[in-house]
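# Structure assessment
So you can see what is in the structure, the chains are spelled out below.
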Amino acid sequence: MKRAIYPGTFDPFTNGHLDIVQRATALFDKIIVTIAKNSSKDPLFTTEERIDMIRESTAYLQSVQVDSFEGLLVNYAKQKNASVVIRGLRMISDFEYEFQMALMNRKIADDIETVFLMPDERYTYLSSSIVREIAQLGGDCSPFVPLHIEKRLKEKYST
Ligand code: COA
């Protein structure tokens, strides 16, 4: 059984992330979407809120599980018996950072492979921080995130 993990901050999970997860379901038997708790980012949503949002967004995909982790990604992958790390590549500017991370992960654990998937071109310009900014400034986020996440963003910024 081929297991893969899809790590990230997902603050919040966007349609671009969902597009990657959907593509991964065609390639792997099980995908664990996992939130990095020790990311240097200061998230708007708590880990529990993000887990809930990803679960709701991927509920129709039976092979997808949602989790969170602390510490090194490759250690977490091994703990979950996953041999593949999925990352999304949106454009050339992602490449340098992703290349460094993939090679460093390989240096630490050469039995874990990184697989890059490209989202649909409609999502190449999307990022979680851009979505947060649009929501904060009262813009329409409905083309970028699932409906229930749009609602949560509105709630966050109305308090
Ligand atoms: N659609 C929309 N946005 C996307 C996307 C897609 N398909 N793919 C990436 N992005 C965006 C994210 O929303 C995020 O945007 P933001 O910066 O505005 O928040 C950005 O691209 C990349 O962030 P993300 O995919 O969440 O990754 P990250 O860089 O925050 O997280 C980890 C990287 C968590 C995987 C990495 O830090 C890690 O492995 N940490 C664990 C510790 C470790 O092992 N470190 C050693 C690594 S060598």
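First, a word on scope: everything that follows refers to the structure included in this document. (Residues numbered from 1 in each chain as written. Predicted model: local features only at pLDDT ≥ 70, side-chain atom pairs only at ≥ 80, totals over all residues. Heavy atoms only, no water.)

## Considering the site of the ligand
What counts here: Neighbouring residues are identified by heavy atoms, a residue being near a molecule or strand if any of them is within 4 Å of it. Counted as a polar contact is a pair of N or O atoms within 3.5 Å, where, for protein atoms, one must be capable of donating a hydrogen and the other of accepting one, and residues adjacent in sequence contribute only when both atoms are in side chains. Shrake-Rupley sampling with a 1.4 Å probe provides the accessible areas, and residues are treated as covered by the protein chains on show and by no other component. For the purposes of this entry, the term helix denotes a DSSP run of H or I that reaches at least four residues, the term strand denotes a run of E that reaches at least two, and both are numbered from the N terminus. In this count, Pro and Cys sit with the nonpolar residues alongside Ala, Val, Leu, Ile, Met, Phe, Trp and Tyr, while Asp, Glu, Lys and Arg are called charged and the others, Gly among them, polar.
For the ligand, the set of nearby residues contains 24 residues, the closest of which are Thr-9, Lys-41, Leu-73, Ser-128 and Ser-129. In the environment of the ligand, an oxygen atom lies 2.8 Å from a nitrogen or oxygen atom belonging to the side chain of Lys-41. The separation between an oxygen atom of the ligand and a polar side-chain atom of Ser-127 is 3.5 Å. Here the ligand loses 84% of its free accessible area of 940 Å² to cover by the protein chains. Elements supplying a minimum of two residues to the shell around the ligand: strand E1 (3-8), helix H1 (15-25), helix H4 (92-108) and helix H5 (128-136). Top element by residues in the shell around the ligand is H4. It accounts for four residues. Partitioning the shell around the ligand into residue classes produces 11 nonpolar, 10 polar and three charged.

## Regarding the packing of aromatic side chains
To be explicit about the condition: The criterion for an aromatic pair is that two Phe, Tyr or Trp rings (for Trp, the six-membered ring) have centres within 6.5 Å, with stacked assigned to planes under 30 degrees apart, edge-to-face to planes over 60 apart and tilted to the rest.
In total, this model carries five aromatic pairs according to the counting rule given. Taken together through their ring pairs, the aromatic side chains of Tyr-6, Phe-10 and Phe-13 make up a single cluster.

## Remarks on the nonpolar core
Most often, soluble globular proteins have nonpolar side chains that are buried together. Selection criterion: For this analysis, a nonpolar core means a set of buried residues of the types Ala, Val, Leu, Ile, Met, Phe, Trp, Tyr and Cys, connected via side-chain atoms within 4.5 Å. Per-residue accessibility, obtained with a 1.4 Å probe over protein chains only, is compared with the maximum for each type, and a residue is labelled buried under 20%, exposed over 50%, and partly exposed between these values. Any two residues having at least one pair of non-hydrogen atoms within 4.5 Å are treated as being in contact.
Grouped together as the largest cluster of nonpolar side chains are 31 residues, with contacts concentrated most on Tyr-6, Phe-13, Ile-31, Val-33, Ile-86 and Leu-153. Secondary-structure elements contributing two or more residues to this core are E1, H1, strand E2 (30-36), helix H2 (47-58), strand E3 (64-69), strand E4 (84-88), H5 and helix H6 (147-158). Top contributing element to this core by residue count: H1, with four residues. Residues within four places of Ile-31 in sequence aside, it is in contact with Ala-4, Tyr-6, Ala-24, Thr-25, Ser-63, Val-64, Gln-65 and Ile-86.

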